[in-house]
Amino acid sequence: MTGISKAMLASVARWALILGIVGFFGGFIGPIVFTPEANQGPLLGIFITGPIGVVLGAVVGLVLDLRDR
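Now for a quick tour of the structure.

So, how was this worked out
- Residues numbered from 1 in each chain as written.
- Predicted model: local features only at pLDDT ≥ 70, side-chain atom pairs only at ≥ 80, totals over all residues.
- Heavy atoms only, no water.
- Helix = DSSP H or I, 4+ residues; strand = E, 2+ residues; numbered from the N terminus.
- Expected span 1.5 Å × (residues − 1).
- Bend = angle between axes of the 7 residues up to and from the residue.
- Buried < 20%, exposed > 50% of the residue type's maximum accessible area, 1.4 Å probe, protein only.
- Contact = heavy atoms within 4.5 Å.
- Phe/Tyr/Trp six-rings, centres within 6.5 Å; stacked < 30°, edge-to-face > 60°.

Another aspect to go through is helix α2 (residues 43-68). For α2, with 26 residues, the first-to-last C-alpha span of 37 Å sits near the 38 Å given by 1.5 Å per residue. A maximum bend of about 35° is found in α2 at Thr49, where proline Pro51 lies one to four positions downstream. Of all the residues in α2, the buried ones are Gly45, Gly50, Gly53, Gly57, Gly61 and Asp65. Where α2 is buried, its residues meet α1 (6-34).

Laid out in structure tokens, this is it:
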């Protein structure tokens, strides 16, 4: 194992940001569209799907970077 390079960090950060944004907006806007009467629906995107998207994105970025080596 060669260690952490700038390219690996960039890949992990890029995928974490992309999937974090997708997860956040999916969890934030989805409940507003499908159940507008639920006033706590957007909290799903803030506390659940956004952070899960960031973690999943970091894992995907790491796996893709290690696969390309």
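Tracing the sequence through the fold places Asp65 in helix α2. When its relative accessible area of 12% is taken as the criterion, Asp65 is described as buried. Apart from the residues lying within four places of it in its own chain, the contact partners of Asp65 are Ala7, Met8 and Ser11.

One pass over the structure, following the stated rule, counts 2 aromatic pairs. Considering the side-chain rings of Phe24 and Phe25, the 5.2 Å spacing of their centres and the 70° angle between planes classify their relative orientation as edge-to-face. Judged by relative accessible area, Phe24 falls into the partly exposed class, the value being 27%. Here the aromatic rings of Phe24 and Phe28 are separated by 5.3 Å at their centres, their planes lie at 25°, and the arrangement is stacked. With Phe24 and Phe28 both in helix α1 and 4 residues apart, the pair spans about one turn of that helix. Through successive ring pairs, a cluster of aromatic residues spans Phe24, Phe25 and Phe28.

Function-wise, these values are silent; they only describe arrangement.
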